[in-house]
Amino acid sequence: MSSNSSALESGEIIITSGDQLNVENAAVFLQHVREALQVSKSVTVEFEPEVEIDITGMQIICAACKSAAVNGKTFSYKNLQPQGLSDMIAACGAEHYAANCKQINDSTCIWFGVRP
Amino acid sequence: MEQAVATYREEAGELLAELESSLLELEETPDDHDLISRVFRAMHTIKGSGAMFGFDEIASFTHEVETVFDMVRNNEITVTKQLLDLTLKSRDHISYLLNISSGEGVDRSEGDVIIAGLRQLVPQTEMPRKGSDEIPAIQLPAVSETEPADEKTWRIRFRPAPNIFMCGTNPISLINELRGLGTAHVVAHFDEIPSLEDLVGENCHIYWDIILTGSRGEDAIRDVFIFVEDDSNIMIELIDSSVLIDRELGYKKLGDILVERGDLSPVEMRNVLQQQKRFGELLVEQGIVSQEKVQSALVEQQHVKSVRQERAAASPQEAAASIRVPAEKLDQLINLVGEMVTVQAHLAQVSSARGDAAYIAISEEVERLTNDLRDTALNIRMLPIGSTFSKFKRLVRDLSQELGKEIEMETFGAETELDKTVIEKLNDPLIHIIRNSIDHGIETPEARLAAGKSSIGKVCLGAEHSGDSVLITIRDDGAGLDIDTIRAKAIEKGLISAAAEVPDKEIFAQIFAPGFSTAANVTSVSGRGVGMDVVKRGIDSLRGSIGVDSVRGRGTTITLKIPLTLAIVASLLVKIGKDHFVLPLAAIEECVELTARDIKNSHGRNLANVRGAIVPYIPLREHFRITDQRPEIEQIVIADIHGTKVGFVVDHVVGEHQTVIKSLGKMYRDVKGITGATILGDGTVALILDMGILLQTIESLNHAAN
């Protein structure tokens, strides 16, 4: 299953992660995110519970989050942080970065920080 | 840095000494894996620290030898005599490399010969040649986790090439490999990720700071990046080690870390510091350094602090057990203690003269503290003599090979402690005695077998305490001294009279006379009649004595009696007329009175009857030509000098005295019988008498007069 996107009546766009968010299909996911943030003020990613994520996936998420913040839009995800993302945050050493993200007023990054 | 380099030189010197003794032990027990590991570890540490401090020659040379010993460790090659010979030569070559100054040209010829020799010992498959003249470099095997090694902390900044994924490499795999080398803190930097519009999804825009603590060296870290190093930007810096730099428990300030990393300029740091806010916050607020970089520096700070605290907690005793102090500081301490002892004696004298109980009480307290201080200070300079024993093992090994003899060396009492200056000054005399034993004492294997002895000769070097002296014994089971030849030679040289009945010990003692040699042939090792004279002078300068005992065909034993320390000695203070003299207490047995009647009864022969035993005495008043009024009752201080009881007549015995030895000026260097001087409490000077030399001098004078 690959990444896909759909628009809600509210204008919010939901992008599904698919099973893999890695270098092999980063281009597809990037395209979905770019298009969604161009047309919508609110973009939500819906992760597959068992999604595999690598650095390329994280980079797209980070770049999208920054762009959304700059343009006053919302870029977030639904439900719990998937295990694949948690693992990659730990492996990558991203948790230190996530503590005070400049893009979101020095708050904990909603993507790479620890969620309550 | 200079201090760190000096510390490296010092520690490498110690490691080389340990290496030498381990190799010599290994020669006796070639299967001892502990020894093999010890050799490997010594090499490993010399190499690793050498690279760290810019001793690249040492690092690259030691790497080759270490590699061979790693094969020994892994049972890939065995310990052979040839391997040990080459490794001992390697040790000497490392010592040479260590001692040449950085400006001097390095002579690599010896090192190349050694490496070529080592190469021959290794199975060819183990050492792939890169080029005909190139010395092969071998990948170091993994150091086992149980092996104790110095923990080092490294700061690594890894900026992968943007196309790293396209090359099939996942940076996370590399980071995980680094994690496998020790304790790592990884901080990813996302600040260079471009905007969504500019992002190339397949490129890597993240870079990392990794703070790694582990026992593996820089080579192991670089190995992780071996396939990406050409395109990636990799910076590896040593920031902490258990053996160097900074032994504080804390760590650098945040600003210092950022400046070191190049993330902040010193000027920016100063400007920010002038404001009264948390440094990191200010940097981020002012947009000088990104939050990520501050966070990364804080991670490093916390990491190193934790490592240092764990290290201190893991070895609290080690941390507190010893510190390295330059020898000259100890010498300075001893000099100051010497001055303190003199001042304390003055205080005691003044307070006693005043008769004020309060002053006397203070003086006694000062005396007690001074004595404790003196003993502690002298103890600090005490070193186990064993540190020099390994040098002599090497000497015996090399000389016996050179002379075609089979000789084993045994040692005992290596833990016996002596003043460091004494140990240093013992080196030359011991070398001469041992060379003599090997060259003239121990016979060839054939001669030994013919004499019914084992073909392997033995030289035993040992040390033991004896009162306030140390007895150093050098014993061999060789041919022994030929007393007839020595007597004949001594008579020929006019050292003894042909008619005189001279005890064996005195005849043996003639071997220490200048130019005395009975050797028919002069060899490269000995026979010129110079060495034993050096021994005599060396031991005399230590206020020591030499005893020789030998049995023809069975061997020779030379015993050196050396005072524990040269700085302060327990003495007997005596007075003749208005002059004070000091006699070392160690040899003194008792004091008896000498009346005018006793002198008259001895009929000018200077002999006293001490409880039935006749003791010859030397009237020091006459010897020093002191013309003051002689007291009615004089005192004979009876001493044991090389087994002979001799009395020294003085006017009064003042009492025991802690003598701080001051050397005499150059003009008095040749005055026989006086080894130095000391300053008494009232500021007067007392001469320190060398009773042995005094006795010899007077005997010679009498001999000449007769």
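Located above this text is the structure these notes cover.
Residues numbered from 1 in each chain as written. Chains lettered and ligands numbered in written order. Predicted model: local features only at pLDDT ≥ 70, side-chain atom pairs only at ≥ 80, totals over all residues. Heavy atoms only, no water.

### Brief notes about helix H2 (residues 55–70) of chain A
- Compared with an ideal rise of 1.5 Å per residue, which puts 16 residues at 22 Å, H2(A) spans 22 Å between its outermost C-alpha atoms and is within 8% of the ideal.
- Across the 16 residues that make up H2(A), a large majority, 14, are buried. (Helix = DSSP H or I, 4+ residues; strand = E, 2+ residues; numbered from the N terminus. Expected span 1.5 Å × (residues − 1). Buried < 20%, exposed > 50% of the residue type's maximum accessible area, 1.4 Å probe, protein only.)

### Section: the interface of chain B and chain A
- Contact with chain B, which involves 31 residues of that partner, is made by 28 residues of chain A.
- Carbon and sulfur atoms make up 65% of the area that chain B and chain A hide from each other, which totals about 2400 Å².
- A per-residue breakdown of the area chain B buries against chain A is headed by Ile172(B), Phe190(B) and Leu196(B), which together make up 28% of the total.
- The tally of links from chain B across to chain A stands at 0 salt bridges.
- At the junction of chain B with chain A, the criterion picks out 12 residue pairs in polar contact (both at pLDDT 80 or more).
- Only helix H6 (171–179), strand S2 (183–189) and helix H11 (291–314) of chain B provide two or more residues apiece to the side of chain B that touches chain A. (Contact = heavy atoms within 4.5 Å. Buried area = accessible area lost by both parts, 1.4 Å probe. Salt bridge = Lys/Arg side-chain N within 4 Å of Asp/Glu carboxyl O. Polar contact = N/O pair within 3.5 Å; in protein donor to acceptor, adjacent residues only side chain to side chain.)

### Remarks on the packing of helix H1 (residues 26–39) of chain A against H2(A)
Residue and element names in this part refer to chain A.
- For the pair H1 and H2, the least separation of the axes is 10 Å and the interaxial angle reads 10 degrees. When the interaxial angle is binned, H1 and H2 end up roughly parallel. Within the contact between the two elements, H1 uses Ala26, Phe29, Leu30, Val33 and Leu37 and H2 uses Thr56, Ile60, Ile61, Ala64 and Ala68.
- Of the residues belonging to the contact of H1 with H2, the class tally is 9 nonpolar, 1 polar and no charged. (Axes fitted to C-alpha atoms, helices over the stretch in contact; angles between N-to-C directions. Parallel < 35°, antiparallel > 145°, perpendicular 65-115°, else oblique. Nonpolar A, V, L, I, M, F, W, Y, C, P; charged D, E, K, R; others polar.)

### Points about the sheet that holds strand S1 (residues 4–7) of chain A
All names here are of chain A.
- Taking strand neighbours across the sheet as the criterion, the 4 strands line up as S1-S2-S4-S6 in an open arrangement whose pairing is mixed. With partners counted over all chains shown, the strands left at the sheet margins are S1 and strand S6 (74–77), one partner each. Neighbour-to-neighbour, the strand axes of this sheet turn through a mean angle of 20 degrees, independent of strand direction.
- The pairing of strand S2 (residues 13–16) with strand S4 (residues 42–46) spans 4 bridges and is parallel. Residue Ile13 lies in a different strand from S4, and its bridge partner there is Val43.
- Sheet contacts for H1: S1, S2, S4 and S6; angle to S2, the most-contacted strand, approximately 175 degrees. (Pairing = 2+ DSSP bridges.)

### Some details on the environment of Ile576(B)
Residue and element names in this part refer to chain B.
- Positionally, Ile576 belongs in strand S12 (residues 568–576).
- Take Ile576: its relative accessible area is 0%, and that puts it in the buried class.
- Residues Ile576 and Val649 lie 73 residues apart in sequence; the distance between their C-alpha atoms is 8.9 Å.
- Setting aside chain neighbours within four positions, we find Ile576 in contact with Phe581, Leu620, Arg621, Ile626, Val649, Val650 and Asp651.

### Quick word on the pairing of S12(B)
All names here are of chain B.
- Within S12, 7 of the 9 residues are buried, which leaves the element mostly enclosed by the surrounding structure.
- Pairing of S12 with strand S19 (residues 652–660), which is carried by 8 bridges, proceeds in the antiparallel orientation. Residue Val569 lies in a different strand from S19, and its bridge partner there is Thr659.
- Taken together, the 6 bridges between S12 and strand S13 (residues 579–584) define a ladder with antiparallel strand orientation. The partner of Ser571 across the bridge, within S13, is Pro584.

### Observations concerning the side chain of Arg394(B)
- With respect to the secondary-structure elements, Arg394(B) resides in helix H15 (residues 386–403).
- Excluding anything up to four places from it in sequence, Arg394(B) contacts Glu20(B), Leu24(B), Leu88(B), Lys89(B), Arg91(B) and Asp92(B).

### Thoughts on the nonpolar core
- Within the largest apolar cluster, 62 residues are counted, with the highest numbers of intra-cluster contacts made by Phe75(A), Phe112(A) and Trp208(B).
- Excluding anything up to four places from it in sequence, Phe75(A) contacts Val33(A), Leu37(A), Val43(A), Val45(A), Ile61(A), Ala64(A), Cys65(A), Ala68(A), Ile110(A) and Trp111(A). (Core = buried A, V, L, I, M, F, W, Y, C linked by side-chain atoms within 4.5 Å.)

### Quick notes on the state of the cysteines
- A full pass over the atoms with the stated rule returns 0 disulfides over all chains.
- Unpaired in this structure, Cys204(B) has its nearest cysteine sulfur neighbour in Cys92(A), at a distance of 8.3 Å. (Disulfide = S-S within 2.5 Å.)

Taken by themselves, the reported measurements are silent on function.
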